[in-house]
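Each chain is listed here by its residues.
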Amino acid sequence: MNDAIKPGPEIPSQAVGLPLLSVVVPTFNERDNVTVLYRRLETTLAGIPWEVVFVDDNSPDGTWEVVRGLARRDSRVRCLRRVGRRGLSGACIEGILASSAPYAVVMDADLQHDETQLPKMVELLRSGKADLVVGSRYIEGYRAEGFDKQRAGASAFATEIARRLLRVDIADPMSGFFAIRRDRFEELAPHLSTQGFKILLDVVATAQGKLRAVEIPYTFGSRQHGESKLDSMVALDFLGLVLAKLTHDVISLRFVLFGLVGSLGLLVHLAALYVALEVFGAPFPEAQATGAIVAMTSNFVLNNFLTYRDQRLKGFAILRGLLLFYLVCSVGLLANVGVAFSVYDQEPIWWLAGAAGALMGVVWNYAMSGLFVWRKR
Ligand code: GDD
Ligand code: MN
């Protein structure tokens, strides 16, 4: 640490009562679970100075209000209420970075993770045997109550891909239950993706074998209240993470999704063009314009549901977003044609010029859409 940023002797350490463990709990609509979890933490962690940070993405069910209530009675409880944002990984990262104990553990609010493992996890970290302790579903002793067959199959498949492609050598990189040394996490944090669900996979892949990991089995319980927020979209998130890690963050999931939606848009365009020409007998220019508008509209809708689903526009903002998207895409088309033309001028290879133009168009549309249409609030 740089001398200039050390607190200095005039600020003595008030070590008494400082937490050894920060429990970080991401929440979304977990109103009925948080108090139960808090009580269980109190019981289990009786011998360890601890704190808990609930990171709530402004849950409509008012989870944050319940947490606030707990925090007003117990200073070990903190509520990080995030507005205008969604995402499990991002919530975990912010939660860990908002705490200061030497060890942090991430666990779900829905009581599916076995909190009685916490003292063991802390001990493994404290003894220096591990930098990372993972609650694992794939080692001997693990039992799952809340995990159906189909999901178990998909999870095992994704795990295999991750282990091979990203050379991740722990048995359960998809686990949402892990404890880590703060100093190691702080090093990794700037390189982690805030999108998606798979924060542990990201941590392990980013550390590239430099974390000493120990896995312990635990019983994955069944959800007490509320419902799972994992849907089929997590598969996409997973693919995106694998891609980003393989390309050293050059290619992001958003960009890939944006590009996929754009490619689909081309098909939509051709289909609409065909229908306008053949079914409605429209003249070519009008038919082509119709195709473009239909394609841009469908791209907008798909991007709003897929690419930017964490920042999805709703209500009146959809109309405004759509108009801006038309504008962005129109300029993108000019950029596309301009680049294609100048490439063709130098090197008259049609496919090279066409591809260069299309790439320019998608990069422009992507950059401008992020700035103006789905901009961060
Ligand atoms: N802040 C925030 N923002 N929290 C969220 C979000 C979000 O967008 N989405 C989910 N959560 C919270 C939930 O409220 C819960 O406390 C926890 O994250 C896990 O979400 P669940 O919806 O219960 O996920 P799951 O049980 O299907 O999956 C869990 O187990 C898997 C297997 O171990 C997660 O821990 C996965 O990460 C894990 O792979
Ligand atoms: Mn759960």
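Scroll up for the structure.
Structural notes, computed from the coordinates.

1. As for the overall build of the protein chain
Then, in step 1: A tally of helices and strands in the protein chain yields 12 helices and nine strands.
Then, in step 2: For the C-alpha atoms alone, the extent of the protein chain along its principal axes is close to 80 × 50 × 45 Å.
Then, in step 3: Counting over 377 residues, the protein chain shows a buried share of 42%.
Then, in step 4: Contacts in the protein chain between residues far apart in sequence, at least 24 positions, make up 77% of those at least 6 positions apart.
Then, in step 5: Counting every atom, the protein chain has about 20000 Å² of accessible surface; 61% of that belongs to carbon and sulfur.
Then, in step 6: Here the protein chain contributes 40 positively and 38 negatively charged side chains, and the mean placements of these two sets differ by 3 Å.

2. Topic: the pattern of salt bridges
Then, in step 1: On inspection of all chains with the given rule, the structure shows 17 salt bridges.
Then, in step 2: Among the salt bridges present, the one from E115 reaches R40, with a minimum N-O distance of 3.8 Å. One end of the pair, E115, is in the loop between β4 (103–106) and α4 (118–126); the other, R40, is in helix α1 (residues 34–44), and 75 residues separate them in sequence.
Then, in step 3: In this structure, D131 engages R184 in a salt bridge whose closest nitrogen and oxygen atoms are separated by 3.1 Å. Remark: R184 occurs in helix α6 (residues 182–188) and D131 occurs in the loop between α4 and β5 (132–136); sequence separation between them is 53 residues. Side by side, D131 and R184 carry an identical accessibility label, which is buried.
Then, in step 4: Through salt bridges with shared partners, a single network forms among D57, R82, R85 and E94.

3. Regarding the nonpolar core
Note that soluble globular proteins tend to have their nonpolar side chains buried in a common cluster.
Then, in step 1: Judged by nonpolar contacts, the single largest core of 36 residues is most densely connected at V23 and L41.
Then, in step 2: When residues of this core are traced back to their parent elements, those giving at least two are β1 (21–27), α1, β2 (50–56), α2 (63–73), β3 (77–81), β4 and α4.
Then, in step 3: The element best represented in this core is α4, accounting for five residues.
Then, in step 4: In this structure, V53, V168, V203 and F238 belong to the second largest nonpolar core, which totals 34 residues.

4. Examining the layout of surface pockets
Then, in step 1: Of the pockets and cavities examined, the second largest pocket occupies roughly 830 Å³.
Then, in step 2: Considering the residues around the second largest pocket, the lining is formed by 24 residues, among which G262, L266, L333, N336 and N365 are closest to the centre.
Then, in step 3: Of all elements in the fold, only α9 (253–279), α10 (284–307), α11 (316–346) and α12 (350–373) reach the threshold of two or more residues within the lining of the second largest pocket.
Then, in step 4: A total of seven residues in the lining of the second largest pocket trace back to one element, the largest contributor, which is α9.
Then, in step 5: The class makeup of the residues in the lining of the second largest pocket is 11 nonpolar, 13 polar and no charged.

5. Focus: unusual backbone geometry
Across residues other than glycine, the phi torsion is negative in most instances, and most of the peptide bonds are trans.
Then, in step 1: Its identity is not glycine, yet N58 carries a phi of approximately 55°, on the positive side.
Then, in step 2: With respect to the helices and strands, the residue N58 is situated in the loop between β2 and α2.

6. Notes on the packing of aromatic side chains
Aromatic ring pairs are described here by two measures, namely the spacing of the ring centres and the angle between the planes.
Then, in step 1: Inspection of every chain in the model, using the stated rule, returns nine aromatic pairs.
Then, in step 2: When the ring of F258 is compared with that of Y366, the centres are 5.4 Å apart and the planes differ by 65°; the resulting orientation is edge-to-face. With F258 in helix α9 and Y366 in helix α12, this residue pair connects regions lying 108 residues apart in the sequence.
Then, in step 3: When the centroid spacing of 5.3 Å and the interplanar angle of 25° are considered together, the rings of F300 and W374 count as stacked. Of the two residues, F300 is situated in helix α10 and W374 in the segment after α12; the sequence distance between them amounts to 74 residues. For the residue pair F300 and W374, the accessibility class agrees, reading buried in each case.
Then, in step 4: These aromatic residues form a ring-pair network of at least three members: F300, Y308, F325 and W374.

7. So, the pairing of β3
If a strand is regular, its side chains alternate between the two faces of the sheet.
Then, in step 1: Here β2 pairs with β3 via five bridges, running parallel. Paired with F54 across the two strands is C79, which belongs to β3.
Then, in step 2: Traced from β2 through α2 to β3, the parallel crossover comes out right-handed.

Calculation criteria
- Residues numbered from 1 in each chain as written.
- Chains lettered and ligands numbered in written order.
- Predicted model: local features only at pLDDT ≥ 70, side-chain atom pairs only at ≥ 80, totals over all residues.
- Heavy atoms only, no water.
- Helix = DSSP H or I, 4+ residues; strand = E, 2+ residues; numbered from the N terminus.
- Buried < 20%, exposed > 50% of the residue type's maximum accessible area, 1.4 Å probe, protein only.
- Contact = heavy atoms within 4.5 Å.
- Areas by Shrake-Rupley, 256 points an atom, 1.4 Å probe, with all protein chains shown as cover.
- Lys, Arg positive; Asp, Glu negative; His and termini not counted.
- Charge placed at Lys NZ, Arg CZ, Asp CG, Glu CD.
- Salt bridge = Lys/Arg side-chain N within 4 Å of Asp/Glu carboxyl O.
- Core = buried A, V, L, I, M, F, W, Y, C linked by side-chain atoms within 4.5 Å.
- 1 Å grid on protein atoms, 1.4 Å probe; cavity = no way out; pocket = protein on both sides within 12 Å on 5 of 7 lines; lining within 4 Å.
- Points joined across faces, edges and corners; volume = space filled by probe spheres on them.
- Nonpolar A, V, L, I, M, F, W, Y, C, P; charged D, E, K, R; others polar.
- Phe/Tyr/Trp six-rings, centres within 6.5 Å; stacked < 30°, edge-to-face > 60°.
- Pairing = 2+ DSSP bridges.
- Right-handed = clockwise from strand over helix to strand, strands pointing away.

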